[in-house]
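Listed below, chain by chain, are the residues.
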Amino acid sequence: MKRVRKGIVYSITGILAVVVLATVAGSFYMVDFALAPEVNRSDTAACFKKQFDAYPETRLWVDSLREKEALRDTFVTMPSGERHHALYVDKGSSKTALIVHGWRDCAIDFLYLARIYEQLMGYNVVMPDLHAHGLSEGEMVQMGWHDRKDVLHWLSIFLTDTMVVHGVSMGAATTMMMSAEPLPERIKDIRFVADCGYTSAWDEFEGELSNQFGLPPFPILYASNILCKIRYGWSFEEASAIEQVKHCRQPMLFIHGNSDTFVPTEMVYRLYDAKPSKKSLWITEGAGHAESYGKHKKEYVQRIRQFTAMK
């Protein structure tokens, strides 16, 4: 009988050891998979080609800026000591738009948004490469959390009286996260546009863990959360756009495609409800993730014009 009991104990111990090892290995894989930068992130020629293929209307605009040497590369040392990059177009305006790109993207990927603000609306435009994206230094993606401080730093460098921060996907989450931070007093009017942003890094990873691997959040996501905190100093839970927008007092426009499955559309309704007054919501018909402009170009521009002009 004692041998049987010992055998059961050994079996249970063995199973637990396997589960623990699998969980640890899985958490390392998940963190590295989710937060690893794009391998070819500094290949700007490929980024420009991708942009022009997807949005041909940006090619002539970019060519005209290059002829005037108006599309400038700007490098800044961030408070962290890292060297970060941005594209900048100086229109000589008292209005500036700061465009924030998505997960594993770069500033070039969102030149189509920059064209709207610069060519059609007369804004200066700043397009930073976030930490570990494009030509900016960094080892791992931060899902918008520490990026909110970097975006605020870019904002303080290119201050004008009127400003718009417009982000897409992770850039939208970054925009929402920084919207609750203390803003420079010199800005008379600042507004935020959040296009298909997630409620939190935890919620986004939980959804993708289920969609891609068919796994529940426990134990892998919990272990990955702890690992991220140990390695990088932040957790998936604290990287929360929905908690930040609760404290935002400036106007915010939420945009989301009704066919988005990567960042599920239901997230935007929770974000919109969490935001106090001065808010607008536009659900775009038939648009998947980050497709709202591509599916509704004229209305997208019109919505941005109306939002920025709103009293």
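We now turn to the structure provided with this report. (Residues numbered from 1 in each chain as written. Predicted model: local features only at pLDDT ≥ 70, side-chain atom pairs only at ≥ 80, totals over all residues. Heavy atoms only, no water.)

If you tally the helices and strands in the protein chain, you get 12 helices and eight strands. Against the globule reference of 19 Å for 311 residues, the protein chain gives a C-alpha radius of gyration of 21 Å, in line with a compact fold. In terms of overall dimensions, the protein chain has C-alpha extents of about 85 × 40 × 40 Å along its principal axes. Counting only residues that meet the buried cut, the protein chain has 51% of its 311 residues in that class. A separation threshold of at least 6 residues defines the contact pool for the protein chain, and within that pool the share at least 24 residues apart is 76%. Element-wise, carbon and sulfur atoms account for 56% of the exposed surface of the protein chain, whose accessible area totals about 14,400 Å². (Helix = DSSP H or I, 4+ residues; strand = E, 2+ residues; numbered from the N terminus. Rg over C-alpha atoms; globule rule 2.2 N^0.38 Å. Buried < 20%, exposed > 50% of the residue type's maximum accessible area, 1.4 Å probe, protein only. Contact = heavy atoms within 4.5 Å. Areas by Shrake-Rupley, 256 points an atom, 1.4 Å probe, with all protein chains shown as cover.)

On the surface, a nonpolar cluster with roughly 380 Å² of combined accessible area is contributed by Y29, F33, F213 and L215. Looking at the element boundaries, Y29 is found in helix α1 (residues 2-35). (Patch = residues over 30% accessible without salt bridge, like charges linked within 9 Å, V, L, I, M, F, W, Y side chains within 5 Å. Salt bridge = Lys/Arg side-chain N within 4 Å of Asp/Glu carboxyl O.)

Let us now look at the nonpolar core. Generally speaking, a soluble globular protein has its nonpolar side chains buried in company with each other. Core analysis: the largest hydrophobic core is formed by 57 residues, its most contacted members being L35, M143, L155, V165, F205 and F236. Counting residues per element, this core draws most heavily on helix α6 (residues 170-178), at six residues. Those residues within four positions of L155 in sequence are excluded, and the remaining contacts are L98, M163, V165, M178, L183, P184, I187 and I190. (Core = buried A, V, L, I, M, F, W, Y, C linked by side-chain atoms within 4.5 Å.)

The next subject is the side chain of T265. Mapped onto the fold, T265 is located in the loop between β7 (252-257) and α10 (266-274). In contact with T265, other than residues within four places in its own chain, are H256, G257, N258, S259, D260 and I283.

Moving on to α10. Among all positions in α10, only M267, V268, L271 and A274 are buried. Taken down its axis, α10 places every buried residue within 125° of arc, on the same side. Looking at the buried residues of α10, the elements they touch are α6, α7 (201-213), α9 (241-245), β7 and β8 (279-284). (Arc of directions from axis to C-beta.)

Cis geometry marks the peptide bond from F218 to P219; its omega dihedral reads 10°. Looking at the element boundaries, P219 is found in the loop between α7 and α8 (220-232). For A132, which is not glycine, the phi torsion reads 70° and is therefore positive. By the element assignment, A132 lies in the loop between β4 (124-128) and α5 (147-157).

Right, let's talk about the packing of aromatic side chains for a bit. Within this structure, the stated rule accounts for 18 aromatic pairs. Pairing F110 with Y112 gives two aromatic rings, centres 5.7 Å apart and planes at 40°, and the pair type is tilted. Grouping residues by exposure puts F110 and Y112 together as buried. Between W202 and Y222, the aromatic rings sit 5.0 Å apart at their centres with planes inclined by 80°, giving edge-to-face as the arrangement. Here Y222 lies in helix α8 and W202 lies in helix α7, a separation of 20 residues in the sequence. Residue Y222 is classed as partly exposed on the basis of its relative accessible area of 41%. A network of ring pairs unites the aromatic residues Y55, F110, Y112, W282, Y293 and Y300 as a single cluster. The ring of F48 carries R66 above its face, with NZ or CZ at 4.4 Å from the centroid. The lysine or arginine in question, R148, covers the ring of W145, its NZ or CZ lying 3.8 Å from the ring centre. (Phe/Tyr/Trp six-rings, centres within 6.5 Å; stacked < 30°, edge-to-face > 60°. Lys NZ or Arg CZ within 6 Å of the ring centre and 35° of its normal.)

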